[in-house]
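Report on the structure
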Amino acid sequence: MSIPLSIKWDGKQLVVLDQQKLPHEIVYIKLEALKDVYEAIITLKVRGAPAIGITAAYGLAIEAQGYKTNSMIDFLALLKKDATYLGESRPTAVNLVWALDRLLTVVSLVDSVSDAKQILIEEAIVIHKEDEESCRNIGEFGLSLLGDKTKVMTICNAGSIATAKYGTALAPFHLGKELGKEFEVFACETRPLFQGGRLTVWELQQSGVDVTLITDSMAAHTISAKGIEAIIVGADRIAKNGDTANKIGTLNLAILAFVYGIPFYVAAPSSTFDLSINNGVEIPIEERKAEEITHINGKSIALSNTKVFNPAFDVTPAKYITAIITEKGIIYPDYCDNISAQLANSIEKEKNNEN
Ligand SMILES: CSC[C@H]1O[C@H](OP(=O)(O)O)[C@H](O)[C@@H]1O
């Protein structure tokens, strides 16, 4: 797989792939302070739930290196303030606050500022490496789940650049190519920011995966006309009952899958589950600025006084989801029981491995 990594840490500096420059330019930008990370996330230079979490973890750890106090109480107060600020950059992807909470938790294990600064960097590196392994596993489980299905539709970009590597929804396609399985992927362009047309098409072409671009409005006709056999998408937050937030337009595909009788799969690492909420009604949905809809490449396509509703995500009810692919395995309904069981089981295994 020859896709540029989304995030690079060389032990001293953080550089990220500027996803706003894709597909025409491969540009890496250095993020040296919290405000750089905040700006990169909110402008989608860095995007994709896992990638946002990993980048935020490094951003907080880097910022903490500059704290000018030897008091752990003051250090923790500064860290909490900066974590809160960064956690407010984009509200839907739970991976963001999950990663920041991991750093806030691990730093409480030490009692000196110098140790705290060190352990924060170490934890960000662990989160980064864990995500790459998780996505590889998701690719393997997804490949097994797809079985002999080869015509698959997806939306947005839940690919390698949205994660540490491999991706979630796109991981089976990348891995399949490496193992000689040929897919025919139909990528929805994903208005208004075109993550599908700009990023998924580019990413799959880098891997040599057959990909066809369609507009979001073509999804129903394409499922019928092209004989789509399955739909696979990423996720930004999955509630305890399996309700899943993902890029706007995902709900459309889930309903179409139900109507056409084809499986609808969600692919996501454990870090995308939010067991603190019972269902999708509790998931905050980010609303973004009107210009993302009224303009394309800075050129207006609507009157300046046009009223706009621009939710960046929607929530797919669990009843439309055939299975959820995680790095620990495949979760089937009943999700209320099986999500908690799988995540609790994996937490238990991790505890046993540590002992
Ligand atoms: C594995 S990426 C998960 C998720 O994040 C994307 O949203 P955005 O492009 O706004 O960061 C999209 O919903 C992907 O499916």
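On a predicted model such as this, the values are computed, not experimentally measured, just so you know.

The rules we used
- Residues numbered from 1 in each chain as written.
- Predicted model: local features only at pLDDT ≥ 70, side-chain atom pairs only at ≥ 80, totals over all residues.
- Heavy atoms only, no water.
- Helix = DSSP H or I, 4+ residues; strand = E, 2+ residues; numbered from the N terminus.
- Expected span 1.5 Å × (residues − 1).
- Buried < 20%, exposed > 50% of the residue type's maximum accessible area, 1.4 Å probe, protein only.
- Contact = heavy atoms within 4.5 Å.
- Salt bridge = Lys/Arg side-chain N within 4 Å of Asp/Glu carboxyl O.
- Domains from an automatic or database assignment.
- Buried area = accessible area lost by both parts, 1.4 Å probe.
- Axes fitted to C-alpha atoms, helices over the stretch in contact; angles between N-to-C directions.
- Left-handed = near helix turned anticlockwise from the far one by under 90°.
- Nonpolar A, V, L, I, M, F, W, Y, C, P; charged D, E, K, R; others polar.
- Near = heavy atom within 4 Å.
- Polar contact = N/O pair within 3.5 Å; in protein donor to acceptor, adjacent residues only side chain to side chain.
- Areas by Shrake-Rupley, 256 points an atom, 1.4 Å probe, with all protein chains shown as cover.
- Arc of directions from axis to C-beta.
- Pairing = 2+ DSSP bridges.
- UniProt positions renumbered as here; feature names shortened; annotations may be inferred.

With that out of the way, let us pick up helix H7 (residues 195–207). Taking 1.5 Å per residue, 13 residues should reach 18 Å; H7 reaches 17 Å between its end C-alpha atoms and fits that length. Buried within H7 are the following residues: Gln-195, Gly-196, Arg-198, Leu-199, Thr-200, Val-201, Trp-202, Glu-203, Leu-204 and Ser-207. Residues of H7 that are buried sit in contact with strand E4 (151–155), helix H6 (171–178), strand E5 (184–188), strand E6 (210–214) and strand E9 (244–247). Phi turns positive one or two residues past the end of H7, at Gly-208, with a value near 80°.

Another aspect to go through is the pattern of salt bridges. All chains considered together, the criterion is met by 13 salt bridges. Its salt-bridge partner being Lys-30, residue Glu-32 comes within 3.6 Å of it at the nearest N-O pair. Lys-30 gets classed as partly exposed once you look at its relative accessible area, which sits at 41%. Close ionic contact of Lys-45 with Glu-39 constitutes a salt bridge, the shortest N to O distance being 2.8 Å. Judged by relative accessible area, which is 18%, Lys-45 ranks as buried. Judged by relative accessible area, Glu-39 falls into the partly exposed class, the value being 34%. Through salt bridges with shared partners, one network takes in Arg-90, Glu-286, Arg-288 and Glu-292.

Right, let's talk about the domain arrangement of the chain for a bit. In terms of domains, the chain is made up of domain 1 (7–132) and domain 2 (138–354). Here the C-alpha centre of domain 2 lies 24 Å away from the C-alpha centre of domain 1. On the side of domain 2, 29 residues touch domain 1, which itself brings 24 residues to the contact. For the pair domain 1 and domain 2, the summed buried area comes to about 2200 Å², and 55% of that belongs to carbon and sulfur atoms. When the buried surface of domain 1 facing domain 2 is broken down by residue, Arg-47, Thr-92 and Val-94 rank first, second and third, together holding 27% of it. Remark: the boundary between domain 1 and domain 2 carries one salt bridge. If you list the elements that add at least two residues to the side of domain 1 that touches domain 2, you get helix H2 (49–65), helix H4 (94–106) and helix H5 (113–146). Here the side of domain 1 that touches domain 2 gets four residues from one element, more than from any other, and that element is H2.

The next thing to look at is the packing of H2 against H4. Where H2 contacts H4, the two axes come as close as 7 Å, and the packing angle between them is 35°. Crossing of H2 against H4: the hand is right-handed. Along its contact with H2, which presents Ala-49, Pro-50, Ile-52, Gly-53, Ala-56, Ala-57, Leu-60 and Ala-61, the element H4 presents Asn-95, Leu-96, Ala-99, Leu-100 and Leu-103. By residue class, the composition of the contact of H2 with H4 is 11 nonpolar, two polar and no charged.

Here we take up the site of the ligand. What surrounds the ligand is a group of 18 residues, the closest being Arg-47, Arg-90, Asp-236, Asn-246 and Lys-247. Within the contact set of the ligand, an oxygen atom lies 2.7 Å away from a side-chain nitrogen or oxygen of Arg-47. In the model, an oxygen atom of the ligand is placed 3.5 Å from a nitrogen or oxygen of the Ala-49 main chain. In the complex, 100% of the free accessible area of the ligand, which totals 400 Å², lies under the protein chains. If you list the elements that add at least two residues to the shell around the ligand, you get H2 and E9. Classifying every residue of the shell around the ligand gives seven nonpolar, seven polar and four charged. Lining the shell around the ligand are residues from two domains, each supplying at least three of them: domain 1 (7–132) and domain 2 (138–354).

In this section: the side chain of Thr-200. By the secondary structure assignment, Thr-200 is in helix H7. Here Thr-200 falls in the buried class, since its relative accessible area comes to 0%. Residues contacting Thr-200, with those up to four places away along its chain left out, are Thr-154, Cys-156, Asn-157, Leu-170, Ala-187 and Gln-195.

Our next topic: helix H9 (residues 250–260). Those residues of H9 lying buried are Thr-250, Leu-253, Ala-254, Leu-256 and Ala-257. Along the long axis of H9, the arc covered by the buried residues comes to 165°, so they all point the same way. In this structure, H9 carries Phe-258 and Val-259 as exposed residues pointing more than 90 degrees from its buried face. A positive phi of about 70° marks Gly-261, the residue just after H9.

Glancing now at the sheet that holds strand E11 (residues 273–274). Strand order in the open sheet made by the four strands is E11-E8-E9-E14, with mixed pairing throughout. Sheet topology places E11 and strand E14 (313–316) at the edges, where each strand pairs with a single neighbour. Across four bridges, E9 lies against E14 in antiparallel orientation. Paired with Asn-246 across the bridge in E14 is Asp-314. Running at roughly 30° to E14, H9 makes contact with E9 and E14 of the sheet.

Now for the UniProt feature "active site" (unreviewed entry) in the chain. Following the UniProt record, the feature "active site" (unreviewed entry) maps to Asp-236 here. By the secondary structure assignment, Asp-236 is in the loop between strand E7 (230–233) and strand E8 (237–239). If we ignore the near neighbours within four places in the chain, the residues touching Asp-236 are Ala-49, Thr-92, Ala-93, Val-94, Asn-95, Ala-245, Asn-246, Lys-247, Thr-272 and Phe-313.

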